[in-house]
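Survey of secondary and tertiary structure
Chain by chain, the residues:
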Amino acid sequence: QCEGSLRRLRVEHIDLYQTHNWDATVLIDETMQALADLATAGWVQQVGVSNVSYGQWFEGLTSGARMKVPIVTVQCLLNLLAPFRADMMAPRATSVLAYSPLAGGVLTGKYLERWGDGTRADEFRHCPEPSAPGFIPRLSGYLLVDGLRSVAREADLTMTALALRWLLSQPIHGIILGARTVAQLEEQFEALDAGPLPIEVLARVDAVREGVACAF
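Residues numbered from 1 in each chain as written. Predicted model: local features only at pLDDT ≥ 70, side-chain atom pairs only at ≥ 80, totals over all residues. Heavy atoms only, no water.

1. Some details on the pairing of strand β3 (residues 71-77)
Across the seven residues that make up β3, a large majority, seven, are buried. The sheet contact formed by strand β2 (residues 44-50) and β3 spans four bridges and is parallel. Its bridge partner being in β3, Gly-48 is matched across the sheet by Thr-73. For the crossover from β2 across helix α3 (residues 54-66) to β3, the handedness is right-handed. Two strands pair when backbone bridges link them, and β3 and strand β4 (residues 95-99) are joined in this way by five bridges, in the parallel orientation. Counterpart to Cys-76 in the pairing with β4 is Ala-98. (Buried < 20%, exposed > 50% of the residue type's maximum accessible area, 1.4 Å probe, protein only. Helix = DSSP H or I, 4+ residues; strand = E, 2+ residues; numbered from the N terminus. Pairing = 2+ DSSP bridges. Right-handed = clockwise from strand over helix to strand, strands pointing away.)

2. A look at the nonpolar core
Across soluble globular proteins, nonpolar side chains have a tendency to be buried as a group. Ranked by size, the top nonpolar core spans 49 residues in total, and within it Leu-107, Leu-148, Leu-162 and Val-205 carry the most contacts. At seven residues, helix α5 (residues 159-168) tops the list of elements feeding residues into this core. Excluding residues that lie within four positions of it along the chain, Leu-148 makes contacts with Leu-80, Leu-107, Met-159, Leu-162, Val-205 and Val-208. (Core = buried A, V, L, I, M, F, W, Y, C linked by side-chain atoms within 4.5 Å. Contact = heavy atoms within 4.5 Å.)

3. A word on unusual backbone geometry
The phi dihedral of Lys-68 falls on the positive side, at around 60°, and the residue is not glycine. By relative accessible area, Lys-68 is classed as exposed at 75%. Even without being glycine, Ser-100 reaches a positive phi, approximately 55°. You can see Ser-100 is positioned in the loop between β4 and α4 (138-154).

4. A look at the packing of α5 against helix α6 (residues 182-193)
For any two helices packed against each other, one specifies the crossing angle of their axes together with the interaxial distance. At a minimum axis distance of 9 Å, the contact between α5 and α6 shows a crossing angle of 45°. By the angle between their axes, α5 is oblique relative to α6. As for how α5 packs across α6, the hand of that crossing is right-handed. Across the interface between the two elements, Thr-160, Ala-161, Leu-164, Arg-165 and Leu-168 from α5 touch Glu-187, Gln-188, Ala-191 and Leu-192 from α6. For the contact of α5 with α6, a count of residues per class yields five nonpolar, two polar and two charged. (Axes fitted to C-alpha atoms, helices over the stretch in contact; angles between N-to-C directions. Parallel < 35°, antiparallel > 145°, perpendicular 65-115°, else oblique. Left-handed = near helix turned anticlockwise from the far one by under 90°. Nonpolar A, V, L, I, M, F, W, Y, C, P; charged D, E, K, R; others polar.)

5. Observations regarding helix α1 (residues 2-9)
Within α1, the full set of buried residues consists of Cys-2, Gly-4 and Leu-6. Positioned one or two residues after α1, Arg-10 has a phi angle of 60°, which is positive.

6. Remarks on the sheet that holds β3
Within a sheet, each strand pairs with its neighbour through backbone hydrogen bonds, oriented either parallel or antiparallel. If you walk across this open sheet you meet the five strands as β1-β2-β3-β4-β5, and the pairing is parallel. A single partner strand is all that each edge strand has here, and the edge strands are β1 (14-18) and β5 (174-176). Averaged over all pairs of adjacent strands, the angle between their axes in this sheet comes to 30°, without regard to strand direction. The pairing of β1 with β2 spans four bridges and is classified as parallel. The residue bridging Ile-14 from the neighbouring strand is Val-44, located in β2. The strands touched by helix α2 (residues 28-40) are β1, β2 and β3; relative to β2, the strand with the most contacts, the crossing angle is about 155°.

Geometric descriptors of this kind do not, in isolation, establish any biological role.
Below, the structure is given as structure tokens:
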């Protein structure tokens, strides 16, 4: 299948091949062996993973090192609504890539006036079950986004800028952006060009997040 993909893409190899999810029915060693085989064949240059637990990542890291196919990236859901301990992975020379930085648009604030009306905010797919890591209940999610809107106003920032520049302040190596229009993409580029948030704004963001967490 990989060889066929290369042929259709008209390239000789894949620079970075990331698994999307671990298959719970397949041993991690077997998955890593398959990736090692692709690397040995010269079809894949480097290997990464996505949507993994710390335990899965560490097991894959250990298995990959044994097979001489190191995991160089881990792609994780990371934004102000879905915190992720990226700092736990950074010391192991794994590049952390954050996806859904705006939580599907929820962190832009555009759903605040329609929260609970069947919008994406009401059905925030990244936290579907109360038992899931990082679960944000509907009400606390609303309070958090509303509080962040106040911080953004005080700092004279758009909510998009606040969310993206907060990510730049985290121990990560890349952000996977998403946009429906050119204007949205340009706004995101402009926010990222401004760099990480000032320390005092970061402190206000932390205060809002801690306040909402304490309330629940």
